[in-house]
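Close look at the chain arrangement
Here is how the chains run, residue by residue.
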Amino acid sequence: MHEVSLIENVIAIVERERTRQAFTRVTMIKLTVGALGHAEPDALRFCFHAVAAGTIADSSRLEIEIVPGQGWCADCRGTVPLDERFGACPVCQGGRVRMTGGDVLRVAEMEVE
Ligand SMILES: [Zn+2]
């Protein structure tokens, strides 16, 4: 499950942050996850506690904020919502849509003490 390595990256980001701010424990991590990305929120939640065990994020709460997919339609010449990575334009049904958003996975926020 590649979500394990994604979570390992998140923990590494948090560990790096600790070297800049002095905190001893992370109580909440909020991730922004793109709806069109490769990470399943359920799988992220599932592996989070196992991966975080023994790290600074041990027993912290995981919150996930989903950002919707977005594309640029060359025919409508505008931004359109996108439900799938290579989906058709929901406005004109055309296939000339380039994904422009909804593929992120980043740490949006964290609470520390
Ligand atoms: Zn269109």
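A brief report on the enclosed structure follows. Keep in mind the model is a prediction, meaning the values are calculated, not measured.

Describing the coordination of the zinc ion
Bound to the zinc ion on the protein side are C73 (SG), C76 (SG), C89 (SG) and C92 (SG), at distances that span 2.2 to 2.3 Å. Bound by four donor atoms, the zinc ion shows angles of 105 to 112° at the metal and therefore tetrahedral coordination geometry. Summarised as a motif, the one-chain spacing of the donors to the zinc ion is C-x2-C-x12-C-x2-C.

A closer look at the nonpolar core
Counting residues in hydrophobic clusters, the biggest one holds 19 residues, and the most contacted among them are I7, I11, I29, L31 and F48. When contributions to this core are tallied by element, the ones reaching two or more residues are α1 (3–20), β1 (26–34), α2 (41–52) and β2 (61–67). Among the elements that line this core, the one with the most residues is α2, at five residues. Those residues in contact with L31, other than ones at most four positions away along the chain, are I7, V10, L62, E63, I64, E65, R106, V107 and A108. Counting residues in each nonpolar core, the second largest holds six residues, with L36, C73, V80 and C89 among its members.

Procedures and definitions
- By convention here, each chain's residues receive numbers from 1 onward along its written sequence.
- A pLDDT threshold of at least 70 governs which residues receive local features in this predicted model, and a stricter bar of 80 or more applies before side-chain atom pairs are shown or counted, although totals over entire chains, interfaces and linings include all residues.
- Water and hydrogen atoms play no part in the side-chain values, which are based on all heavy atoms of the structure.
- In this description, a donor is an N, O or S atom within 2.8 Å of the metal centre, a cutoff extended to 3.2 Å for sodium, potassium and calcium. Water is not part of the atom list, which can make sites seem incomplete.
- Between 85 and 135 degrees for all angles marks four donors as tetrahedral; over 155 degrees for opposite donors together with 65 to 115 for all other angles marks four donors as square planar and six as octahedral; every other arrangement is irregular.
- Take the buried residues of types Ala, Val, Leu, Ile, Met, Phe, Trp, Tyr and Cys, join any two whose side-chain atoms come within 4.5 Å, and each joined set is a nonpolar core.
- A simple rule labels every residue: compare its accessible area, found with a 1.4 Å probe on the protein chains alone, to the largest value its type can have, and call it buried under 20%, exposed over 50%, or partly exposed in between.
- Numbering of helices and strands runs from the N terminus; a helix is a DSSP stretch of H or I covering at least four residues, while a strand is a stretch of E covering at least two.
- Whether two residues are in contact is decided by their heavy atoms: any pair within 4.5 Å suffices.

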